[in-house]
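Observations on chain architecture
For reference, the chains in residue letters:
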Amino acid sequence: MINVDVFVDAKGLSCPMPIVKAKKAMDAMESGQVMQVESTDKGSVNDFQGWARSNSHEVLKTEEEGGVYRIFVRKG
Amino acid sequence: MSAGAINAIQLNEKVEQGVFLLDVRNPEDFADWKIEGKEVRSINIPYFDFLDDNENIYGQLPADEEIVVICAKGGSAKMVADLLDEKGFQASYLEQGMQEWSQFYRPVTVMEDDNLKLIQVNRLAKGCLSYMLISGGEALVVDPNRHIEEYLSLAEQEDAAIKYVLDTHLHADHISGGHELAEKTGAVYYISSSEMQGSELSYEPLEKQGMLEVGRAEAKILAVPTPGHTPGSVSVLVNDRYLLSGDTIFVGGLGRPDLGGKAAEWAQALYDTVFTTIASLPDDVLVLPAHYAEASEIRREGYVGAPLGEIRGNNEVMRTANRDRFAEKVAHAVGATPPNYEEIVEINRGAASASPEKATELEIGPNRCALHHG
(Lines give C-alpha, C1' and ligand atoms only; values in the text may rest on other atoms or scores of the structure.)
Protein backbone atom coordinates (compact mmCIF):
# COMPACT_ATOMS: atom_id res chain seq x y z
CA MET A 1 0.00 0.00 0.00
CA ILE A 2 1.15 3.48 -0.82
CA ASN A 3 0.60 6.05 1.90
CA VAL A 4 -1.26 8.91 0.29
CA ASP A 5 -0.97 12.43 1.74
CA VAL A 6 -3.06 14.36 -0.75
CA PHE A 7 -5.94 13.22 -2.93
CA VAL A 8 -6.84 15.03 -6.15
CA ASP A 9 -10.09 14.20 -7.93
CA ALA A 10 -9.75 15.09 -11.62
CA LYS A 11 -12.46 12.75 -12.87
CA GLY A 12 -14.53 14.19 -15.70
CA LEU A 13 -11.94 16.85 -16.46
CA SER A 14 -10.25 16.97 -19.84
CA CYS A 15 -6.76 18.04 -20.77
CA PRO A 16 -5.09 20.26 -19.49
CA MET A 17 -7.19 20.45 -16.30
CA PRO A 18 -6.05 17.23 -14.56
CA ILE A 19 -2.46 18.46 -14.52
CA VAL A 20 -3.42 22.06 -13.74
CA LYS A 21 -5.34 20.81 -10.71
CA ALA A 22 -2.58 18.42 -9.65
CA LYS A 23 0.05 21.15 -9.95
CA LYS A 24 -1.93 23.49 -7.69
CA ALA A 25 -2.19 20.80 -5.04
CA MET A 26 1.46 19.85 -5.48
CA ASP A 27 2.58 23.43 -4.85
CA ALA A 28 1.16 23.20 -1.32
CA MET A 29 2.85 19.86 -0.57
CA GLU A 30 6.14 19.07 1.15
CA SER A 31 8.93 17.27 -0.64
CA GLY A 32 8.56 13.50 -0.21
CA GLN A 33 4.77 13.60 0.24
CA VAL A 34 2.62 11.49 -2.07
CA MET A 35 -0.34 12.60 -4.17
CA GLN A 36 -3.02 10.31 -5.56
CA VAL A 37 -4.74 11.66 -8.68
CA GLU A 38 -7.82 10.11 -10.19
CA SER A 39 -8.52 10.99 -13.82
CA THR A 40 -10.84 9.74 -16.53
CA ASP A 41 -8.75 11.36 -19.28
CA LYS A 42 -6.62 8.59 -20.74
CA GLY A 43 -4.29 11.00 -22.52
CA SER A 44 -3.35 12.66 -19.25
CA VAL A 45 -1.67 9.51 -17.90
CA ASN A 46 1.34 9.92 -20.21
CA ASP A 47 1.34 13.62 -19.53
CA PHE A 48 1.72 12.98 -15.80
CA GLN A 49 4.90 11.04 -16.57
CA GLY A 50 6.32 13.94 -18.57
CA TRP A 51 5.20 16.53 -16.05
CA ALA A 52 6.76 14.57 -13.18
CA ARG A 53 10.03 14.19 -15.07
CA SER A 54 10.40 17.86 -15.86
CA ASN A 55 9.64 18.78 -12.23
CA SER A 56 11.75 16.06 -10.56
CA HIS A 57 8.70 14.36 -9.10
CA GLU A 58 8.38 10.60 -9.24
CA VAL A 59 5.42 8.63 -10.58
CA LEU A 60 5.27 5.67 -8.19
CA LYS A 61 2.47 3.78 -9.85
CA THR A 62 -0.41 4.11 -12.30
CA GLU A 63 -3.41 1.83 -12.42
CA GLU A 64 -6.72 1.69 -14.22
CA GLU A 65 -10.07 0.42 -13.03
CA GLY A 66 -13.33 0.86 -14.90
CA GLY A 67 -12.09 3.82 -16.93
CA VAL A 68 -10.62 5.63 -13.91
CA TYR A 69 -6.86 6.12 -13.95
CA ARG A 70 -5.10 6.36 -10.58
CA ILE A 71 -1.70 7.99 -10.57
CA PHE A 72 0.53 8.14 -7.50
CA VAL A 73 3.18 10.89 -7.56
CA ARG A 74 5.85 11.63 -4.94
CA LYS A 75 6.89 15.25 -4.75
CA GLY A 76 10.57 15.84 -5.54
CA MET B 1 -8.24 39.28 -25.04
CA SER B 2 -7.88 35.63 -25.78
CA ALA B 3 -6.16 33.80 -28.61
CA GLY B 4 -8.16 32.87 -31.71
CA ALA B 5 -9.05 29.34 -32.77
CA ILE B 6 -8.33 28.12 -36.29
CA ASN B 7 -9.57 24.99 -38.03
CA ALA B 8 -7.69 22.42 -40.12
CA ILE B 9 -8.53 24.15 -43.44
CA GLN B 10 -7.05 27.42 -42.17
CA LEU B 11 -4.05 25.60 -40.75
CA ASN B 12 -3.44 23.89 -44.09
CA GLU B 13 -3.28 27.30 -45.80
CA LYS B 14 -0.74 28.46 -43.25
CA VAL B 15 1.26 25.23 -43.58
CA GLU B 16 1.52 25.84 -47.33
CA GLN B 17 2.60 29.45 -46.93
CA GLY B 18 5.00 28.83 -44.04
CA VAL B 19 4.15 28.88 -40.36
CA PHE B 20 5.64 28.60 -36.88
CA LEU B 21 4.06 25.81 -34.81
CA LEU B 22 4.35 25.36 -31.08
CA ASP B 23 3.38 21.78 -30.24
CA VAL B 24 2.56 21.45 -26.54
CA ARG B 25 2.06 17.68 -26.38
CA ASN B 26 4.35 15.24 -24.60
CA PRO B 27 7.84 14.97 -26.18
CA GLU B 28 7.18 11.27 -26.99
CA ASP B 29 3.96 12.09 -28.81
CA PHE B 30 5.64 14.90 -30.72
CA ALA B 31 8.58 12.68 -31.72
CA ASP B 32 6.15 10.01 -32.90
CA TRP B 33 3.77 12.12 -34.96
CA LYS B 34 3.67 15.81 -35.80
CA ILE B 35 2.46 18.29 -38.40
CA GLU B 36 4.98 18.52 -41.19
CA GLY B 37 5.46 20.62 -44.29
CA LYS B 38 8.29 22.06 -46.32
CA GLU B 39 7.65 25.54 -44.92
CA VAL B 40 6.80 24.47 -41.38
CA ARG B 41 9.05 25.36 -38.46
CA SER B 42 8.02 23.75 -35.22
CA ILE B 43 9.19 23.36 -31.65
CA ASN B 44 7.89 21.22 -28.83
CA ILE B 45 7.40 22.61 -25.32
CA PRO B 46 4.92 20.51 -23.30
CA TYR B 47 1.97 22.46 -21.92
CA PHE B 48 2.78 21.53 -18.34
CA ASP B 49 6.07 23.44 -18.63
CA PHE B 50 3.99 26.60 -19.04
CA LEU B 51 2.35 26.10 -15.64
CA ASP B 52 5.46 27.25 -13.80
CA ASP B 53 6.25 30.90 -14.17
CA ASN B 54 9.40 30.10 -16.05
CA GLU B 55 10.13 33.12 -18.24
CA ASN B 56 13.01 31.38 -20.03
CA ILE B 57 10.79 29.28 -22.27
CA TYR B 58 9.30 32.34 -23.95
CA GLY B 59 12.73 33.26 -25.31
CA GLN B 60 12.47 30.34 -27.77
CA LEU B 61 9.39 31.81 -29.43
CA PRO B 62 9.31 34.37 -32.24
CA ALA B 63 7.95 37.77 -31.21
CA ASP B 64 7.31 39.05 -34.73
CA GLU B 65 5.10 36.40 -36.33
CA GLU B 66 2.06 34.28 -35.64
CA ILE B 67 2.51 31.19 -33.48
CA VAL B 68 -0.01 28.39 -33.94
CA VAL B 69 -0.28 26.19 -30.86
CA ILE B 70 -1.05 22.48 -31.36
CA CYS B 71 -2.04 19.75 -28.89
CA ALA B 72 -3.93 16.46 -29.00
CA LYS B 73 -7.51 17.74 -28.75
CA GLY B 74 -7.29 21.51 -28.38
CA GLY B 75 -7.66 22.08 -24.62
CA SER B 76 -4.00 22.51 -23.72
CA ALA B 77 -3.26 24.46 -26.87
CA LYS B 78 -5.97 26.97 -25.96
CA MET B 79 -4.51 27.39 -22.49
CA VAL B 80 -1.00 28.00 -23.83
CA ALA B 81 -2.19 30.27 -26.65
CA ASP B 82 -4.08 32.40 -24.13
CA LEU B 83 -0.93 32.64 -21.99
CA LEU B 84 1.10 33.71 -25.03
CA ASP B 85 -1.55 36.21 -25.98
CA GLU B 86 -1.32 37.77 -22.49
CA LYS B 87 2.43 38.07 -22.92
CA GLY B 88 1.97 39.96 -26.17
CA PHE B 89 2.67 37.18 -28.68
CA GLN B 90 0.48 36.72 -31.78
CA ALA B 91 -0.95 33.34 -30.93
CA SER B 92 -3.71 31.12 -32.25
CA TYR B 93 -4.46 27.44 -31.75
CA LEU B 94 -5.82 24.50 -33.72
CA GLU B 95 -9.28 24.16 -32.23
CA GLN B 96 -9.48 20.35 -31.99
CA GLY B 97 -5.81 19.56 -32.21
CA MET B 98 -4.25 16.54 -33.87
CA GLN B 99 -7.61 14.78 -33.70
CA GLU B 100 -8.99 17.31 -36.19
CA TRP B 101 -5.80 17.36 -38.28
CA SER B 102 -5.93 13.56 -38.69
CA GLN B 103 -9.32 13.96 -40.43
CA PHE B 104 -8.35 16.66 -42.87
CA TYR B 105 -8.25 15.76 -46.57
CA ARG B 106 -6.87 17.88 -49.42
CA PRO B 107 -7.79 17.04 -53.03
CA VAL B 108 -5.22 17.89 -55.73
CA THR B 109 -5.72 17.41 -59.47
CA VAL B 110 -2.86 15.32 -60.85
CA MET B 111 -3.89 15.58 -64.49
CA GLU B 112 -6.89 16.55 -66.60
CA ASP B 113 -7.61 16.18 -70.30
CA ASP B 114 -10.77 15.84 -72.38
CA ASN B 115 -11.31 12.23 -71.40
CA LEU B 116 -9.93 11.86 -67.93
CA LYS B 117 -9.42 13.70 -64.68
CA LEU B 118 -7.29 12.18 -61.96
CA ILE B 119 -7.54 13.63 -58.46
CA GLN B 120 -5.29 12.68 -55.56
CA VAL B 121 -6.92 13.07 -52.14
CA ASN B 122 -4.24 13.65 -49.53
CA ARG B 123 -4.98 12.97 -45.88
CA LEU B 124 -2.06 15.06 -44.74
CA ALA B 125 -1.73 14.02 -41.11
CA LYS B 126 -1.65 10.32 -41.91
CA GLY B 127 0.26 10.50 -45.17
CA CYS B 128 -2.61 8.52 -46.75
CA LEU B 129 -3.36 9.05 -50.42
CA SER B 130 -6.51 8.02 -52.22
CA TYR B 131 -7.68 8.68 -55.76
CA MET B 132 -10.70 9.63 -57.79
CA LEU B 133 -10.65 8.93 -61.48
CA ILE B 134 -13.35 10.68 -63.43
CA SER B 135 -14.45 10.18 -67.00
CA GLY B 136 -17.74 10.75 -68.80
CA GLY B 137 -19.62 11.48 -65.59
CA GLU B 138 -18.46 8.28 -63.89
CA ALA B 139 -15.93 7.88 -61.14
CA LEU B 140 -13.69 5.21 -59.72
CA VAL B 141 -12.40 5.73 -56.18
CA VAL B 142 -9.20 3.95 -55.17
CA ASP B 143 -8.21 3.36 -51.53
CA PRO B 144 -10.73 5.71 -49.89
CA ASN B 145 -10.25 6.41 -46.19
CA ARG B 146 -13.09 6.16 -43.71
CA HIS B 147 -14.36 9.76 -43.87
CA ILE B 148 -16.43 8.99 -46.94
CA GLU B 149 -18.19 12.39 -47.00
CA GLU B 150 -14.95 13.70 -48.54
CA TYR B 151 -15.43 11.50 -51.61
CA LEU B 152 -19.17 12.03 -51.79
CA SER B 153 -18.78 15.81 -51.88
CA LEU B 154 -15.86 15.62 -54.31
CA ALA B 155 -17.92 13.47 -56.70
CA GLU B 156 -20.77 15.95 -56.40
CA GLN B 157 -18.48 18.89 -57.20
CA GLU B 158 -17.18 16.99 -60.21
CA ASP B 159 -20.69 16.04 -61.26
CA ALA B 160 -19.73 12.38 -61.37
CA ALA B 161 -21.45 9.23 -60.13
CA ILE B 162 -19.23 6.83 -58.21
CA LYS B 163 -19.47 3.58 -60.13
CA TYR B 164 -16.54 1.59 -58.75
CA VAL B 165 -14.67 1.58 -55.46
CA LEU B 166 -11.48 -0.38 -55.11
CA ASP B 167 -8.95 -1.16 -52.40
CA THR B 168 -5.50 -2.00 -53.76
CA HIS B 169 -4.98 -4.21 -50.70
CA LEU B 170 -6.21 -4.84 -47.19
CA HIS B 171 -4.92 -1.78 -45.34
CA ALA B 172 -3.12 -2.14 -42.03
CA ASP B 173 -2.50 1.48 -41.09
CA HIS B 174 -5.91 3.09 -41.54
CA ILE B 175 -9.54 2.06 -41.64
CA SER B 176 -10.80 1.75 -45.19
CA GLY B 177 -13.88 3.60 -46.35
CA GLY B 178 -14.15 1.35 -49.40
CA HIS B 179 -16.98 -0.95 -48.46
CA GLU B 180 -19.04 1.81 -46.83
CA LEU B 181 -18.58 4.20 -49.76
CA ALA B 182 -19.68 1.51 -52.22
CA GLU B 183 -22.71 0.68 -50.11
CA LYS B 184 -23.71 4.33 -49.85
CA THR B 185 -23.39 5.04 -53.58
CA GLY B 186 -24.50 1.69 -54.98
CA ALA B 187 -21.06 1.28 -56.52
CA VAL B 188 -19.29 -2.05 -56.96
CA TYR B 189 -16.59 -2.71 -54.36
CA TYR B 190 -13.48 -4.53 -55.57
CA ILE B 191 -10.69 -6.07 -53.53
CA SER B 192 -8.59 -9.21 -54.04
CA SER B 193 -10.34 -12.24 -52.57
CA SER B 194 -7.14 -13.50 -50.96
CA GLU B 195 -7.29 -10.40 -48.74
CA MET B 196 -10.82 -11.14 -47.61
CA GLN B 197 -10.85 -14.84 -46.70
CA GLY B 198 -13.54 -15.52 -44.14
CA SER B 199 -14.94 -12.03 -44.50
CA GLU B 200 -18.68 -11.44 -44.37
CA LEU B 201 -18.45 -8.23 -46.39
CA SER B 202 -19.79 -8.19 -49.92
CA TYR B 203 -17.17 -7.50 -52.60
CA GLU B 204 -16.21 -8.45 -56.12
CA PRO B 205 -12.89 -10.29 -56.48
CA LEU B 206 -10.46 -7.86 -58.04
CA GLU B 207 -8.07 -10.52 -59.33
CA LYS B 208 -10.73 -11.67 -61.81
CA GLN B 209 -11.07 -8.19 -63.19
CA GLY B 210 -8.46 -7.58 -65.86
CA MET B 211 -9.81 -4.16 -66.66
CA LEU B 212 -12.38 -1.63 -65.51
CA GLU B 213 -13.92 0.91 -67.84
CA VAL B 214 -14.80 4.25 -66.37
CA GLY B 215 -17.03 6.51 -68.44
CA ARG B 216 -17.40 6.67 -72.17
CA ALA B 217 -13.82 7.63 -72.74
CA GLU B 218 -10.79 5.44 -73.22
CA ALA B 219 -9.97 5.48 -69.55
CA LYS B 220 -9.15 1.87 -68.91
CA ILE B 221 -7.72 0.38 -65.83
CA LEU B 222 -5.50 -2.61 -65.78
CA ALA B 223 -5.12 -4.36 -62.47
CA VAL B 224 -1.45 -5.30 -62.23
CA PRO B 225 -1.10 -7.88 -59.48
CA THR B 226 1.71 -6.71 -57.24
CA PRO B 227 1.89 -9.04 -54.27
CA GLY B 228 4.53 -8.39 -51.68
CA HIS B 229 3.11 -5.99 -49.14
CA THR B 230 0.14 -8.29 -48.69
CA PRO B 231 -0.37 -11.34 -50.93
CA GLY B 232 -3.34 -9.89 -52.81
CA SER B 233 -1.97 -6.39 -53.39
CA VAL B 234 -2.69 -4.93 -56.81
CA SER B 235 -1.65 -1.79 -58.62
CA VAL B 236 -3.86 0.02 -61.08
CA LEU B 237 -2.42 1.20 -64.37
CA VAL B 238 -4.45 3.99 -65.88
CA ASN B 239 -4.13 4.57 -69.64
CA ASP B 240 -0.66 2.96 -69.54
CA ARG B 241 0.56 6.19 -68.02
CA TYR B 242 -0.39 6.45 -64.33
CA LEU B 243 0.37 3.68 -61.86
CA LEU B 244 -1.73 3.78 -58.71
CA SER B 245 0.74 1.62 -56.86
CA GLY B 246 -1.00 1.06 -53.52
CA ASP B 247 1.56 0.15 -50.92
CA THR B 248 3.83 -1.70 -53.32
CA ILE B 249 6.00 1.17 -54.59
CA PHE B 250 6.38 4.53 -52.89
CA VAL B 251 8.19 7.65 -53.99
CA GLY B 252 10.83 6.82 -51.39
CA GLY B 253 10.96 3.04 -51.72
CA LEU B 254 9.05 -0.19 -51.44
CA GLY B 255 6.23 -1.43 -49.24
CA ARG B 256 7.05 -3.44 -46.17
CA PRO B 257 6.45 -7.19 -46.58
CA ASP B 258 6.36 -8.13 -42.91
CA LEU B 259 2.84 -7.29 -41.75
CA GLY B 260 1.53 -10.80 -42.35
CA GLY B 261 4.27 -12.38 -40.26
CA LYS B 262 5.73 -13.87 -43.45
CA ALA B 263 8.45 -11.36 -44.26
CA ALA B 264 10.75 -13.82 -46.01
CA GLU B 265 8.05 -15.31 -48.22
CA TRP B 266 6.47 -11.99 -49.14
CA ALA B 267 9.86 -10.41 -49.79
CA GLN B 268 10.28 -13.04 -52.53
CA ALA B 269 6.93 -12.06 -54.03
CA LEU B 270 7.92 -8.40 -53.87
CA TYR B 271 11.10 -9.28 -55.75
CA ASP B 272 9.07 -10.90 -58.53
CA THR B 273 6.85 -7.85 -58.70
CA VAL B 274 9.72 -5.41 -58.98
CA PHE B 275 11.76 -7.41 -61.46
CA THR B 276 8.95 -8.74 -63.67
CA THR B 277 5.64 -6.81 -63.47
CA ILE B 278 7.12 -3.41 -62.71
CA ALA B 279 10.29 -3.94 -64.72
CA SER B 280 8.27 -4.01 -67.94
CA LEU B 281 6.82 -0.54 -67.33
CA PRO B 282 8.59 2.44 -68.92
CA ASP B 283 10.44 5.09 -66.91
CA ASP B 284 7.93 7.82 -67.68
CA VAL B 285 5.00 6.07 -65.96
CA LEU B 286 3.92 8.29 -63.07
CA VAL B 287 3.81 6.35 -59.80
CA LEU B 288 1.03 7.49 -57.49
CA PRO B 289 1.21 5.59 -54.21
CA ALA B 290 -1.26 5.10 -51.35
CA HIS B 291 1.12 6.65 -48.81
CA TYR B 292 4.01 8.96 -48.34
CA ALA B 293 6.36 9.46 -45.44
CA GLU B 294 7.76 12.98 -45.75
CA ALA B 295 6.57 16.37 -46.92
CA SER B 296 9.53 16.42 -49.33
CA GLU B 297 7.67 13.82 -51.41
CA ILE B 298 5.03 16.41 -52.31
CA ARG B 299 5.94 17.77 -55.74
CA ARG B 300 5.81 21.42 -56.71
CA GLU B 301 2.51 20.69 -58.48
CA GLY B 302 1.04 19.75 -55.09
CA TYR B 303 0.62 16.01 -55.46
CA VAL B 304 2.70 13.11 -54.21
CA GLY B 305 4.19 10.98 -56.95
CA ALA B 306 7.24 10.44 -59.13
CA PRO B 307 8.14 9.01 -62.53
CA LEU B 308 9.08 5.35 -62.22
CA GLY B 309 12.51 6.10 -63.68
CA GLU B 310 13.23 8.59 -60.94
CA ILE B 311 12.22 6.10 -58.24
CA ARG B 312 14.40 3.42 -59.81
CA GLY B 313 17.29 5.86 -59.93
CA ASN B 314 17.00 6.95 -56.31
CA ASN B 315 16.22 3.62 -54.78
CA GLU B 316 19.06 1.17 -54.48
CA VAL B 317 16.89 -1.77 -53.53
CA MET B 318 14.90 -1.37 -56.79
CA ARG B 319 18.15 -2.03 -58.64
CA THR B 320 19.23 -4.93 -56.43
CA ALA B 321 18.71 -7.72 -58.96
CA ASN B 322 20.26 -10.39 -56.78
CA ARG B 323 17.23 -12.14 -55.29
CA ASP B 324 18.76 -13.07 -51.94
CA ARG B 325 20.34 -9.70 -51.34
CA PHE B 326 17.05 -8.01 -52.27
CA ALA B 327 15.05 -10.16 -49.83
CA GLU B 328 17.58 -9.52 -47.09
CA LYS B 329 17.51 -5.75 -47.58
CA VAL B 330 13.75 -5.59 -47.64
CA ALA B 331 13.15 -7.87 -44.67
CA HIS B 332 15.71 -6.11 -42.49
CA ALA B 333 14.66 -2.54 -43.03
CA VAL B 334 11.15 -2.66 -41.66
CA GLY B 335 11.27 -0.67 -38.39
CA ALA B 336 8.28 -0.11 -36.11
CA THR B 337 4.95 -1.59 -37.17
CA PRO B 338 1.90 0.67 -37.63
CA PRO B 339 0.13 1.12 -34.30
CA ASN B 340 -2.89 -1.17 -33.79
CA TYR B 341 -2.43 -2.74 -37.23
CA GLU B 342 -3.83 -6.13 -36.30
CA GLU B 343 -7.05 -4.58 -35.04
CA ILE B 344 -7.30 -2.30 -38.09
CA VAL B 345 -6.90 -5.27 -40.45
CA GLU B 346 -9.75 -7.07 -38.66
CA ILE B 347 -12.01 -4.03 -39.08
CA ASN B 348 -11.12 -3.74 -42.77
CA ARG B 349 -11.99 -7.41 -43.29
CA GLY B 350 -15.34 -6.80 -41.65
CA ALA B 351 -14.45 -9.13 -38.76
CA ALA B 352 -14.63 -6.32 -36.20
CA SER B 353 -16.22 -2.91 -36.04
CA ALA B 354 -15.36 0.39 -34.37
CA SER B 355 -17.30 3.47 -33.30
CA PRO B 356 -16.05 6.77 -34.78
CA GLU B 357 -14.33 7.55 -31.44
CA LYS B 358 -12.62 4.17 -31.36
CA ALA B 359 -11.63 4.52 -35.03
CA THR B 360 -10.02 7.90 -34.33
CA GLU B 361 -8.07 6.42 -31.46
CA LEU B 362 -6.88 3.41 -33.48
CA GLU B 363 -5.68 5.59 -36.33
CA ILE B 364 -3.74 8.06 -34.18
CA GLY B 365 -0.13 8.36 -35.22
CA PRO B 366 1.90 8.49 -38.39
CA ASN B 367 1.87 6.04 -41.27
CA ARG B 368 4.41 3.26 -41.05
CA CYS B 369 3.74 1.23 -44.17
CA ALA B 370 6.62 2.54 -46.27
CA LEU B 371 10.16 1.32 -45.98
CA HIS B 372 12.93 3.86 -45.90
CA HIS B 373 15.86 2.91 -47.98
CA GLY B 374 18.76 5.25 -48.45
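Residues numbered from 1 in each chain as written. Chains lettered and ligands numbered in written order. Predicted model: local features only at pLDDT ≥ 70, side-chain atom pairs only at ≥ 80, totals over all residues. Heavy atoms only, no water.

Throughout the structure, instances matching the rule amount to 26 salt bridges over all chains. A salt bridge links Asp-52 of chain B to Lys-23 of chain A; the shortest N-O distance between them is 3.3 Å. Taken as a pair, Asp-52 of chain B in the loop between β3 (40–44) and β4 (66–70) and Lys-23 of chain A in helix α1 (residues 17–27) lie in two separate chains rather than in one. With a relative accessible area of 28%, Asp-52 of chain B lands in the partly exposed category. You can call Lys-23 of chain A buried: its relative accessible area is 12%. We note a salt bridge from Glu-58 of chain A to Arg-74 of chain A, for which the minimum N-O separation is 3.6 Å. Here Arg-74 of chain A lies in strand β4 (residues 68–74) and Glu-58 of chain A lies in strand β3 (residues 58–65), a separation of 16 residues in the sequence. Judged by its relative accessible area of 43%, Glu-58 of chain A is partly exposed. What emerges from the salt-bridge pattern is a single network uniting Asp-9, Lys-11, Glu-38, Lys-61, Glu-63, Glu-65 and Arg-70 of chain A. (Salt bridge = Lys/Arg side-chain N within 4 Å of Asp/Glu carboxyl O. Helix = DSSP H or I, 4+ residues; strand = E, 2+ residues; numbered from the N terminus. Buried < 20%, exposed > 50% of the residue type's maximum accessible area, 1.4 Å probe, protein only.)

Moving on to the sheet that holds β3 of chain B. All names here are of chain B. With respect to topology, 5 strands assemble into an open sheet ordered β1-β5-β4-β2-β3, the strand pairing being parallel. The open sheet terminates on both sides in strands that have one partner only, identified here as β1 (4–6) and β3. Across this sheet, the average inter-strand angle for adjacent strands is 30°, counted without regard to direction. Across 5 bridges, the pairing between strand β2 (residues 19–23) and β3 is parallel. Residue pairing in the sheet places Asp-23 in a bridge with Asn-44 of β3. (Pairing = 2+ DSSP bridges. Axes fitted to C-alpha atoms, helices over the stretch in contact; angles between N-to-C directions.)

With an omega dihedral of 10°, the bond running from Cys-15 of chain A to Pro-16 of chain A counts as a cis peptide bond. Tracing the chain through its elements places Pro-16 of chain A in the loop between β1 (6–10) and α1. You will see that Asp-143 of chain B, though not glycine, has its phi angle at about 55°, which is positive. One can find Asp-143 of chain B in the loop between β9 (138–142) and α5 (149–157). Under the relative-accessibility criterion, Asp-143 of chain B is labelled buried at 2%.

This part takes up the interface of chain B and chain A. Much of the literature gives interface size as the accessible area that the parts lose upon coming together. The interface is formed by 11 residues belonging to chain B together with 13 residues belonging to chain A. Of the roughly 1,100 Å² buried at the junction of chain B and chain A (both faces included), carbon and sulfur atoms supply 51%. Among the residues chain B hides against chain A, the three largest losses belong to Tyr-47, Phe-48 and Leu-51 of chain B. Together they make up 44% of the total. The interface formed by chain B and chain A contains 3 salt bridges. The partner of Glu-28 of chain B in a salt bridge is Arg-53 of chain A, and the shortest N-O contact between them spans 3.0 Å. Our enumeration of links across chain B and chain A arrives at 7 residue pairs in polar contact (both at pLDDT 80 or more). Across the side of chain B that touches chain A, the residue classes tally to 4 nonpolar, 3 polar and 4 charged. (Contact = heavy atoms within 4.5 Å. Buried area = accessible area lost by both parts, 1.4 Å probe. Polar contact = N/O pair within 3.5 Å; in protein donor to acceptor, adjacent residues only side chain to side chain. Nonpolar A, V, L, I, M, F, W, Y, C, P; charged D, E, K, R; others polar.)

Turning our attention to the domain arrangement of chain B. All names here are of chain B. Once the domains are mapped, chain B shows domain 1 (4–101) and domain 2 (105–363). Placing the centre of domain 1 and that of domain 2 at their C-alpha centroids yields a distance of 33 Å. Opposite the 8 residues of domain 1 that make contact, domain 2 presents 8 residues. Roughly 660 Å² is buried in total at the junction of domain 1 and domain 2, and carbon and sulfur atoms are behind 57% of that figure. The three residues of domain 1 that bury the most area against domain 2 are Trp-33, Lys-38 and Trp-101, which together make up 57% of that side's buried surface. Viewed at the interface, domain 2 and domain 1 are joined by 1 salt bridge. Residue Arg-106 is joined to Glu-16 by a salt bridge in which the shortest nitrogen-to-oxygen separation is 2.4 Å. Counting across the domain 1 and domain 2 interface gives 4 residue pairs in polar contact (both at pLDDT 80 or more). Put simply, the parts of the chain that give the side of domain 1 that touches domain 2 at least two residues each are α1 (8–17) and α4 (97–101). Grouping the amino acids of the side of domain 1 that touches domain 2 by side-chain chemistry returns 2 nonpolar, 3 polar and 3 charged. (Domains from an automatic or database assignment.)

With that settled, consider the pairing of strand β16 (residues 242–246) of chain B. All names here are of chain B. The buried fraction of β16 is high, at 5 of 5 residues. With burial as the criterion, each face of β16 is covered, one bearing Tyr-242, Leu-244 and Gly-246 and the other bearing Leu-243 and Ser-245. In this sheet, β16 lies alongside strand β15 (residues 234–238) in antiparallel orientation, the contact comprising 3 bridges. Looking at the pairing, Val-238 lines up with Tyr-242 of β16. The antiparallel pairing of β15 with β16 creates a hairpin that spans 3 residues between the two strands, and Asn-239 there sits at a positive phi of about 50°. Judged from the 4 bridges that link them, β16 and strand β19 (residues 286–289) form a sheet pairing that is parallel. Across the sheet, the residue bridging to Leu-243 is Val-287, located in β19.

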